[in-house]
Each structure stands twice: as structure tokens, then as C-alpha cells.
Amino acid sequence: MSEQESKASINRFDPEHHRSNVHDAFCEFVRMFHYEYDAMAKEPPAAEQDKEDWIEGHKTKIFLGRFSSRNFQKDFEDTVPENDRSTLKFKDLVKCMKYRYEPTRNYTLANYKFHRLSQEMNESFDGFVHRLRHEAKACKFVCENANCNVSDIMIRDQIIVGVKSDDIRTNALKNQWDLKALVENGRKIEAASHSAQLIKTETEAAGATDICRVKPKQRYHKHKGSGADARRKGGCKTCSSKICEGGKSCVARNMICHKCGKEGHFRGSSACKKKKRAKANRVESESDVSSSSDDDADPSSDASSDASQKKMQSRKKKGIKRVNQSQPYRKVRKVSKPRYRVKVAMAGKPVKAYADTGADLNVMSAKRAAKLKLRLRSTKTYIKPYGSKPIQCSGRYEGFVTFKSSVVSARFYIVPGKVETLLSGRLCEKLGIITFDGDKETEMSRKVNRVAKVDKLKADVMKAYPSVFTGIGTLKDHEVSFYIDPEVPPVAQAIRPIPFHLQGKFQNLISQLESDGIIEEHTGPAPWVSNPVLTPKSDGSLRMTIDLRQVNQAIKATNIPIPRVEEIKARLAGSKVFSKLDFKSAFHQLLLDEQSRAVTVFHAGHRLMRYRKLTMGAKPASSELTRALIPPFANINPANTRYISDMFQTARQKTEALG
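Quick caveat: nothing in here was measured; it's all calculated off a predicted structure.

Peer 1: Please clarify how the overall build of the protein chain should be interpreted in this entry.
Peer 2: A tally of helices and strands in the protein chain yields 21 helices and 17 strands. Residues counted as buried form 28% of the 659 residues belonging to the protein chain. The long-range fraction of contacts in the protein chain, counting pairs at least 24 apart against all pairs at least 6 apart in sequence, stands at 60%. If you sum the accessible surface of the protein chain, you get close to 47,700 Å²; carbon and sulfur atoms cover 52% of it.

Peer 1: Mind showing me how you'd approach the state of the cysteines here?
Peer 2: Formally, a disulfide is one covalent bond, and it connects the sulfur atom of one cysteine to the sulfur atom of another. Within the structure shown, the criterion is met by zero disulfides. Here Cys-236 is not disulfide-linked; the sulfur of Cys-239 is the nearest cysteine sulfur, at 3.9 Å.

Peer 1: Help me out: how do you make sense of the layout of surface pockets in this one?
Peer 2: In this approach a probe as big as a water molecule rolls over the atoms, and the regions it shows empty are the leftover space. Of the pockets and cavities examined, the second largest pocket occupies roughly 1,200 Å³. Looking at the second largest pocket, it is lined by 31 residues, and the ones nearest its centre are Asp-14, His-17, Ile-484, Pro-486 and Gln-595. Per-class residue counts for the lining of the second largest pocket are 15 nonpolar, eight polar and eight charged.

Peer 1: Got a minute to help me understand the sheet that holds strand E12 (residues 519–521) in this structure?
Peer 2: Sheet strands associate in pairs through backbone hydrogen bonding, adopting either a parallel or an antiparallel arrangement. Strand order in the open sheet made by the three strands is E12-E17-E16, with antiparallel pairing throughout. Strands at the two margins of the open sheet, each flanked by one partner only, are E12 and strand E16 (602–603). Summarising the sheet, E12 and strand E17 (residues 608–611) pair through three bridges and their orientation is antiparallel. For Glu-520, the partnering residue across the bridge sits in E17 and is Arg-610.

Peer 1: Help me out: how do you make sense of the pattern of salt bridges in this one?
Peer 2: A side chain of one charge can pair with a side chain of the opposite charge if their charged atoms are brought near each other. Tallied over the entire structure, the rule returns 21 salt bridges. A salt bridge links Asp-547 to Arg-549, with the shortest nitrogen-to-oxygen separation between them at 2.9 Å. Owing to a relative accessible area of 7%, Asp-547 belongs among the buried residues under this scheme. Among the salt bridges present, the one from Glu-594 reaches Arg-610, with a minimum N-O distance of 2.9 Å. In this pair, Glu-594 sits in the loop between strand E15 (591–592) and E16 while Arg-610 sits in strand E17, placing the two residues 16 residues apart along the sequence.

Peer 1: I would appreciate a short explanation of helix H2 (residues 22–40) in the present structure.
Peer 2: One turn of an α-helix holds 3.6 residues; hence residues three or four places apart share an orientation. When the terminal C-alpha atoms of H2 are compared, their 26 Å separation across 19 residues agrees well with the 27 Å that a helix rising 1.5 Å per residue should span. Along H2, the positions that sit buried rather than exposed are Val-22, His-23, Asp-24, Ala-25, Phe-26, Cys-27, Phe-29, Val-30, Phe-33, Glu-36, Tyr-37 and Met-40.

Peer 1: Even after reading the chapter, I still don't get the nonpolar core, so can you show me in this structure?
Peer 2: Generally speaking, a soluble globular protein has its nonpolar side chains buried in company with each other. Ranked by internal contacts, the top residues of the largest apolar core, which has 31 residues, are Phe-482, Ile-510, Ile-519, Met-544, Phe-602, Tyr-611 and Leu-614. Residue assignment for this core shows that the elements contributing at least two residues are helix H17 (503–515), strand E14 (542–546), E17 and helix H20 (621–629). The greatest single-element share of this core, amounting to four residues, is contributed by H17. What Tyr-611 contacts, discounting residues up to four positions off in sequence, is Ile-518, Ile-519, Met-544, Ile-546, His-588, Leu-592, Arg-597, Thr-600 and Phe-602.

Peer 1: How should the confidence of the model for the protein chain be read in this particular structure?
Peer 2: Predicted coordinates in regions of low pLDDT should not be interpreted in detail. Mean pLDDT for the protein chain: 77, with 76% of residues reaching 70 or above. For residues 287–301, every residue scores under 50 in pLDDT, and the model assigns this stretch twelve contacts once sequence neighbours within four places are set aside.

Conventions adopted
- Residues numbered from 1 in each chain as written.
- Predicted model: local features only at pLDDT ≥ 70, side-chain atom pairs only at ≥ 80, totals over all residues.
- Heavy atoms only, no water.
- Helix = DSSP H or I, 4+ residues; strand = E, 2+ residues; numbered from the N terminus.
- Buried < 20%, exposed > 50% of the residue type's maximum accessible area, 1.4 Å probe, protein only.
- Contact = heavy atoms within 4.5 Å.
- Areas by Shrake-Rupley, 256 points an atom, 1.4 Å probe, with all protein chains shown as cover.
- Disulfide = S-S within 2.5 Å.
- 1 Å grid on protein atoms, 1.4 Å probe; cavity = no way out; pocket = protein on both sides within 12 Å on 5 of 7 lines; lining within 4 Å.
- Points joined across faces, edges and corners; volume = space filled by probe spheres on them.
- Nonpolar A, V, L, I, M, F, W, Y, C, P; charged D, E, K, R; others polar.
- Pairing = 2+ DSSP bridges.
- Salt bridge = Lys/Arg side-chain N within 4 Å of Asp/Glu carboxyl O.
- Expected span 1.5 Å × (residues − 1).
- Core = buried A, V, L, I, M, F, W, Y, C linked by side-chain atoms within 4.5 Å.
- pLDDT = per-residue confidence, 0-100.

Written out as C-alpha cells, the structure is:
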């Protein structure tokens, strides 16, 4: 093994990463170190007489130099005197550090945690057994009988209680296995269950492609008969379904008819009273027609003529018009006069058009233009109606439009198909069809004036306190630390080229961030290197983040709870005055410590830059921002509304005094 390969495979022990149980983590690391040392250690020199002492001393140097972090070295320096460090053997080193990291045992708590252990979702049976044996070492299982191995009994019972497999639990209770038999048979049962599940999955996947006809489709035959079959032939009276039997099972019994507005039936069903009323009116009109025809046949009868005149007057009141002698009278639907329709004159002919204030162009159909015999010109213009696809115009017309005493020159675009003649809002305003009254103060203008007053107040406050509103500040006495997992190997990403049209903006952004103190140039080795991600904004500028997907695999989440919206609403219940605050570049106001900056290195053209402050995209960014915002806003709650009101009143008085 070369020197570089050996360094790449080394994991350093850091007690700061195992604060919950440093002693057990140190013992586990020492056991791993023995295997690592046997694989990479050299043979002792031939001149050495006592090879064991040489190996013990060499182990100590290797462990402290290559396998220990600076935090562990500090603990070692505090524990072992300086005179004894050069001759200290490795077993004595382990003994001293175990004594230092030995915690105060709480057997009651350890027993409680042991009895709550259960097999996790993706944990194997062997992994569960190893975890139980490891946790059992921290417990104190004592029995008065010297031949009784109470530790094995407790582990066996906890395996039976916490295992996920019901087959293992059932066979263990049935056969009364001891710990050794339970572990051996549990492995076999788990392997057999996994193989059976694999065979079942492959069989189902192979059989899913086969198409099997279960039952041939039966045709529906109409039944002719009496009783229920005869009623079913006509369909349900409320929903018109031939399958529905009516009553409580009908789906229309709780519905509202769209025609008559009553509940209990669908529109168009036989139960609709409006449909019956329409039929009755039609029958009545037919009878009126027949009676009128009979009266006309006998003109000598004055009574019949008077009756016919009365009926004709009633028909006129009801809106009934006679179309033909051979056809019955029909009720004609009254059509209201269309809104926004005006009559204008084009090419000396009257034209009915619609005044559309939302239209930017004047539009006319090709059929209407042909009737008016307009002289058209070619055009390549496309018209985009709202919510539709663009339509290519077949031509355009330029002429005069007359409305009452106003004559205006206008341009119309000719569109193929059925299109109403539309007058744009600008043309309607020139012709005098619509007028805009801007003298009276409307509600919108009042809102605009209020906004202007607020903007003036804001400008005065910003002028009075310029240091607060310039640049990006830094939260005092607060630093953010990233906890890096040493087992995750560093990744240095290859540089990605920046698009040519964004290189100038990118360099300007880098210079601006560097002048604001958000980023700085990185010097020295860079095991972690990421690439920038550029996102254009609506105003033409750029937003830069870095691709931290590889880095987030090594950063441990702090899992600081973020307040929920429901909790904030409950705390603010009863409040009447609220203020909205927008945190601009909130992440860039939190300073990173020196060690955490090394994982934020990114490519910036011909040099490497890194973040001095917190950047978005990091795994603990949101949690760290929440933790940083809690102290500044700790006093702002509904109980301190009087205090906030006094502060606002004082600030307002100062602003009024300035202006």
C-alpha cells in the first residue's frame, strides 16, 4: 500500500462527534485500529531486541499522528504528563483514555433503554442482535445463582419481543429456543423468507403479461313485459336512468334541478314541473290556433270574432307570434338588446360593432369586409386572442370611421372566420363612444395617495437612519458551525463552464459579494469544491447559489424545530395591528466559523472562492436561521404589544420632527 492510499483510507477519531457516548465510540475505534494497523504496519527493525515494546511505541505514534484529531490530541495532552508521552505504550494509552472517557453509569436508565429496543424497518436480524448485545453491556443484569447467565436470557427475550418477523417469534415461543438456537434459526428463517418473497415477486411479474378473459361480455336485451320491467323501460322519473329503481337509492333525490331550481330530480326528467308546464303551454297554443281557424271560417259570428280578438291580445302580451296558418303558435324567447353594441359608418355604409375597451386592435371578419367592398392590403400580422392560439390576418383596411358627428381615421385587421366587428378602446375614446373621467377622486386614487404617504414616511426613516439600510450587516456574537461526518470522503467537482453571455455579470456579482464580505478567496488545499448555480432574475440581474448536493451528504443536520404557522396564529390571537418584515439576504447575515468555510469552496473563474457567511442550499441553513432569529425577537409577543406601540409612536414622532 502506498503512502497516499493509506492516508485516503484513514478515519480520524474526534471525541466532539461522539458526545453522547464517547467511551463506547473510543473502544469501537480502538478495535478497528488494530485491524488497520496490522494491514499497514511494517516489521520492526532487526536491531531491536524487544520487538513488543517497539510495536507498542510505534502503535502510539501512528494512532496519535494519523488516526487522531486535534481534539483527541488535546485530551491526550491533558491526561498524560509530558515526561511520560515519549515512552508511553499503546495499551497504557488506551487505558488512560478509557479512564478519562468512562461515564457515570445509570443502570436504571440503561435497562429502560434496553427494554424499549426493537428491530428497525430496514435492519437485518443479525444487526438487531448485535445492537442488543452492545446495549446489554451498559446494563447491570445480576442473578444470585452463579450458573445462571441472565444476560443471555434478557437478550433472548428482547429479541422475541422486538423482532419484526412473526415466524421467528412464533417458532421461538413454540420450541423454547435459547439465545444460541434463536440466533442460528432466526438467520435461516430470515433468509428463507427473503428468498420466498423474491420468487413470489418474479412469478407475479411474469404472470402480469398474460391476458386472461374471465367472463364474456353480455349484451343488453330489452325486456318486454309489465310491472317492474315496464316501468324500467321508461326509466326513473327523477333521474331518467333505465337502471335506477327510484326511491332512496336514486342519485337525484338530493340534487337541485338546473331548469326549475327545485330539489329531487335532474333537468329534463319527467318529474320536472317546468317541462310539464312547457308542454301544457304548447297544447294550449295549438288549441288556440284551431279555435282561431274555426272563427275565421265563420265571419258572421260576432261573438267568435270578439273572442278571437281577446285571444290575439293575450297572445301579444305573452309574446306569441303567428308564423304560418299551417303551423301552431310558438312561444318566442325574448332576446335582450346586446350590450356595448354601437352603429358606426364605414365606406358610406352602416356597420354594427362592439365597443371593446380591452382590445388593442380593431378587428373585422373577411365576410363583413367583402360585403362592404373594402380595399384591403396585405399584412403578416398575427392576432393573439385571450386564451386562444394566434390567428394570422388575411389583410388590413385603413379608412375613416364615423360615429354621430365624429370622424376618425382607423386601421382594421381582417380575420378569416366568424368574428364580430370590434372597436378598440382607443378608437372608442376618440369617437366619443366612451369617456374617461379622471377628475373625480376614486377609491383607487385614494389608495394611491395612501401608498404615496407611506412611501414618503419610509423614505424619511431611511434618510434618518442610513447605516441601517445600506449594505448587508452581520449578526453580532453569533457563528454557525457545520458538523462534518468524517466517514464521508470529500468530493472535488470538475469545473463547469459559465455561459458566455453570463460571464460578465458573474464576475461583477463575484466582485460585489467579495466587497460586501460575503465570500472570500480560498488558499491552500481544497478537498471540497463545488460549482456555482446561476439563476436569472426578472430585473436582469443574477442570483448565485452553489451546488451542495455532495457536501450535504457529509454535513449533519442540526434538526432545530421551525415554528409552525398554527402556533404563530395561536400566539397572535386577539391582536389587531400587524407589521410585515422582509429579510433581504437573511442567510448572508450569519457568519460561518473558520472550519465550516472549507466545505463551501466553489469555482469562480480562474480562482477558488468560499463563503464567509451562511449560504442557502446547505442542509442546516433553515434551522440555523431559525435559531439565530429567536433571541432578537424573543420580546415580541402579544404580551408586549404596549411596548411595541410605544416604540412605534416614538419613531413616528422623530420622523415627523425631521420632516
